[in-house]
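Architecture and fold: a report
So you can see what is in the structure, the chains are spelled out below.
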Amino acid sequence: MRKTTNEELHRPTPEAYARMPKMPVTVVLDNVRSLNNVGSFFRTCDAFAVERLVLCGITGTPPSRELHKTALGAEHTVAWEYRERTVDVVADLHAAGCRVVAVEQADEAVSLEVFRLEPGLRYALVFGNEVDGVAQEVVDLCDGAIEIPQAGTKHSLNVAVAGGAVLWQLFAQYRTRLRQE
């Protein structure tokens, strides 16, 4: 076995990436404190061709040296915006016809392995603060919640790790559907 070279991966240029179709998902970060986590979300959103990333509240924004360390330039390819209040973002997403889902441990949450994207719908996923999760006032406005099943002793995953797990699962569904069409 031989590792694949970067040239053999045939990744799009930033210009081609900007023009290519995106997965119909917006990621919303609700008061994420760590710039490393924010940078990781940029990179994950780039990898899975997420439509847009919305940074809310205390969530750091580019330009940032610390954010860039984990984003590795994805802050230049992923469409993003900053908004002060997550509740306003959720209201705007609903008005635009998005189904808004919190990634959170909640009494009516759907387990990630059974959650399915419905064809023709746009989604927004809200990820929360490293300590407090998604604010309850935001959860109250969401159409549902996704929970990542876990078997260990800890109560949660790092928010950026959770983002990778959830976005990979949805990207796999999206790619499968595209291949079937």
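Keep in mind it's a predicted model, so treat the numbers as computed, not measured. (Residues numbered from 1 in each chain as written. Predicted model: local features only at pLDDT ≥ 70, side-chain atom pairs only at ≥ 80, totals over all residues. Heavy atoms only, no water.)

Before going further, it helps to spend a moment on the side chain of Gln173. Along the polypeptide, Gln173 turns up in helix H6 (residues 159–180). We classify Gln173 as buried; its relative accessible area is 13%. Gln173 has contacts with Phe115, Arg116 and Leu117, leaving out every residue within four places of it along the chain. (Helix = DSSP H or I, 4+ residues; strand = E, 2+ residues; numbered from the N terminus. Buried < 20%, exposed > 50% of the residue type's maximum accessible area, 1.4 Å probe, protein only. Contact = heavy atoms within 4.5 Å.)

On to the pattern of salt bridges, then. Using the criterion set out here, one finds 8 salt bridges in the structure. In this structure, Glu51 engages Arg122 in a salt bridge whose closest nitrogen and oxygen atoms are separated by 1.8 Å. Of this pair, Glu51 sits in strand E2 (residues 50–56) while Arg122 sits in strand E6 (residues 122–128), and the two are 71 residues apart along the sequence. Taking relative accessible area as the criterion, Arg122 reaches 37% and is therefore assigned partly exposed. With a closest N to O distance of 3.0 Å, Arg85 and Asp88 form a salt bridge. Taking the relative accessible area as the measure of exposure, Arg85 reaches 44% and is therefore partly exposed. (Salt bridge = Lys/Arg side-chain N within 4 Å of Asp/Glu carboxyl O.)

Take the nonpolar core next. One finds Met23, Val27, Leu29, Phe42, Leu125, Phe127 and Leu167 to be the most contacted residues of the largest nonpolar core, which totals 35 residues. Mapped onto this core, the elements with two or more residues apiece are strand E1 (23–30), helix H2 (35–47), E2, helix H3 (65–71), strand E4 (98–103), E6 and H6. Among the elements that make up this core, the one with the highest residue count is H6 (8 residues). For Val27, the residues in contact, after removing those within four places along its chain, are Phe41, Cys45, Val50, Arg52, Leu53, Val54, Leu125, Phe127 and Leu167. Formed by 17 residues, the second largest nonpolar core is a distinct cluster that contains Val87, Leu93, Val126 and Cys142. (Core = buried A, V, L, I, M, F, W, Y, C linked by side-chain atoms within 4.5 Å.)

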